[in-house]
Amino acid sequence: MKAVFQLKNLSLFYGKTPVLEGVNLSIYEKRVLCVIGPSGAGKSSFLRTLNRMNDLIPSFRLSGSVLFEDHEIYKNGMEVSQVRRRVGMVFQKPCMFPTSILENLLFGIKRLERKGKRELLETAEETLREVSLWDHVKDRLHKPAGTLSQGQQQRLAIGRALTMDPSVLLLDEPTASLDIHSAEAIEKLVKGLKDKMTVVLVTHKLEQVERTGDDFIVIDNGKIREAGSTRELIKETNKEKKVGIPHWRRFTEINLLGMIVDQRGIIGKEVP
Amino acid sequence: MRRFKTFFFSLVCCVSAFFSISFLFLILSVIVIKGGSAIHWEFLTQPSRSIGQEGGITYQILGTLLLIFGAGLISLPVALGAVIYETEYLKPPFQKAANILIFSLNGVPTILFGLVGFLIFGLYLRWGISWASGCVILGVMILPTLVISIKEGIQTIPLIYREAALALGMTKAQVIRKVVIPQSFHGWVTGLLLGLGRAAGETAAILFTATAFSGVTLPQSFIEPVSTLQTHLFVLSQEGVGSVSLTHAWGTALVLLFNLSSLAVRFKLTWEGER
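Keep in mind that this is a model prediction, so the values were computed, not measured. (Residues numbered from 1 in each chain as written. Chains lettered and ligands numbered in written order. Predicted model: local features only at pLDDT ≥ 70, side-chain atom pairs only at ≥ 80, totals over all residues.)

## Digging into the overall build of chain A
Point 1. Along the backbone of chain A there are 11 helices and 12 strands.
Point 2. The proportion of buried residues among the 272 residues of chain A is 46%.
Point 3. For chain A, restricting intrachain contacts to residue pairs at least 6 apart in sequence, the fraction spanning at least 24 positions comes to 70%. (Helix = DSSP H or I, 4+ residues; strand = E, 2+ residues; numbered from the N terminus. Buried ≥ 20, exposed ≤ 12 C-beta atoms within 10 Å, placed from the backbone. Contact = placed C-beta atoms within 7 Å.)

Structure (structure tokens):
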């Protein structure tokens, strides 16, 4: 397995307040890594470190290193926009620009790549099929994107990120504001994506980790508390169900797995 | 007692509302009654003759339009550039300083714009009393109005729009061009209409710098003067001889008011469209 991201001794701060400390982690190619943990634990800060979106916060500081495809993305002179093109991101609430469905989908690619109208339309159709929206929107591509349901908007937002052909896709709680059916559609989409790219998914729902994730990390109180493969997690969860410990408690109070993926990608036993 | 207080409070509010509205109607009705008879096709389409006693106000209407559009043309790009520099590139403490400076500009009495403008453009640059001087002076004068409105437009752009664009790999400059400027469109249209309204009503700043009273047609070059509705009205009402001049003055006032209130209504519509 090849690592796309290697985080070494990574610590994040807002001003002097540490948000996340001592992270050593590898994120592997074409796998889905789920990031779980309670609210305010530092999940989103962690995610936004991977495409330098934290740069927008003036007080943000970082120590350690973040290697993306073997290049340090926080070194001086790094083209941040190039990193972001390769590491796409979708936010919790679907962001639709006040324009048509088609314009929203092609918002990035139309402005950043020199493509003809026909080529753009082909990309649009291909992407909309990939996110299972084509049949819903093919007759109303020029209608405002605001007319779509929340779930459809979120799929369109994912599609917009996919048009840039990223090698990693960061999803920050993409199903948090959606109903069950829309959430299922997104989960299905995520599972389909890992043939092409690496996905890092921040979520609150343990079930979602079990359904979609290959690996997981638990962030709590500014540290990675647990890490491992989802298969292990399911085994443990089944065991727990017998003894009747609620899912969530084990992550905040009981360290059952006690595992961490180290920088060589080996699942170890110790939490740093 | 509480009931009485509530009643008294609502009574005061009612009287204030009535007073402000009735004052508007008072102005409107006086101008319509006094100037209505002057308004006919020739008045609008013929040049002024015999020191405003005969003819109409064609060149005054065109002069006003020329001046305010010139001012808008100068002010809009400058204001847009200034706001973008301030909001996107300046660090917060400097932003505050820039804000204070812009607001101070708004507090400068307009006659000072006229005097300083005359000194700089009229005397040093030797533009004389000219259309160009007037445009620049009015352009600077309405700058704060535009800046404040555009800034409001930019500050109300949801952060998520910028984030979404940046996350797609756009550079800061691309985000400004593709997101910030188009998404603040309402802000700058509102600012422009408000600014133009202010420029169209302005007399003091252009009295010595841009306008001449009689014998003025359309300017043939940038350094020729124009004639405007507001200065025409000013001179006629001060120095006009005979009742025809005065009726013409009121007629001019009516046209000016019509221009301004149509700007105000457009502003209101834009503002409502934004909500």
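## Some words on the overall build of chain B
Point 1. In terms of helices and strands, chain B carries 13 helices and two strands.
Point 2. If one aligns the C-alpha atoms of chain B with their principal axes, the spans along those axes are about 70 × 70 × 30 Å.
Point 3. Across the 275 residues of chain B, 41% fall into the buried class.
Point 4. Within chain B, contacts between residues at least 6 apart in sequence are counted, and of these 76% link residues at least 24 apart.

## Overview of the pairing of strand β1 (residues 3–14) of chain A
Residues and elements named next belong to chain A.
Point 1. Bridge count for β1 against strand β2 (residues 17–28) is eight bridges, and the pairing is antiparallel. Paired with tyrosine 14 across the strands is threonine 17, a residue of β2.
Point 2. In sequence, β1 turns back onto β2 through a hairpin of two residues, with glycine 15 there showing a positive phi of about 65 degrees.
Point 3. Relative to strand β4 (residues 60–68), β1 runs antiparallel, the two being bridged by eight bridges. (Pairing = 2+ DSSP bridges.)

## A short note on the nonpolar core
What tends to happen in soluble globular proteins is that the nonpolar side chains get buried as a cluster.
Point 1. Membership of the largest hydrophobic core comes to 125 residues, with the highest contact counts inside it found for Val35 and Val200 of chain A together with Leu67 and Leu138 of chain B.
Point 2. Look past the residues within four positions of leucine 67 of chain B in its chain and what remains in contact with it is Trp131, Gly134, Cys135, Leu138, Ala199, Ile206, Ala210, Val226 and Thr228 of chain B.
Point 3. Judged by nonpolar contacts, the second largest core, of 14 residues, contains Ile61, Ala249, Leu254 and Leu256 of chain B. (Core = buried A, V, L, I, M, F, W, Y, C linked by C-beta atoms within 7 Å.)

## Observations regarding the packing of helix α3 (residues 58–89) of chain B against helix α6 (residues 131–141) of chain B
Describing two packed helices takes the angle between their axes plus the distance from one axis to the other.
Residues and elements named next belong to chain B.
Point 1. Relative orientation of the contacting elements α3 and α6 amounts to 55 degrees, with a least axis distance of 8 Å. Considered as vectors, α3 and α6 are oriented oblique to each other. For α3 against α6, the interelement crossing comes out right-handed. Contacts from Leu66, Leu67, Ile68, Gly70, Ala71, Ile74 and Ser75 of α3 reach α6 at Trp131, Gly134, Cys135, Val136, Leu138 and Gly139. (Axes fitted to C-alpha atoms, helices over the stretch in contact; angles between N-to-C directions. Parallel < 35°, antiparallel > 145°, perpendicular 65-115°, else oblique. Left-handed = near helix turned anticlockwise from the far one by under 90°.)

## Observations regarding the interface of chain B and chain A
Point 1. On the chain A side, the residues contacting the 12 residues of chain B number 18 residues.
Point 2. Going through the elements one at a time, α8 (159–167) and α9 (172–183) of chain B are the ones with two or more residues in the side of chain B that touches chain A.
Point 3. Sort the elements by how many residues they give to the side of chain B that touches chain A and α8 of chain B lands first, with six residues.
Point 4. Taken together, the residues of the side of chain B that touches chain A break down into seven nonpolar, three polar and two charged. (Nonpolar A, V, L, I, M, F, W, Y, C, P; charged D, E, K, R; others polar.)

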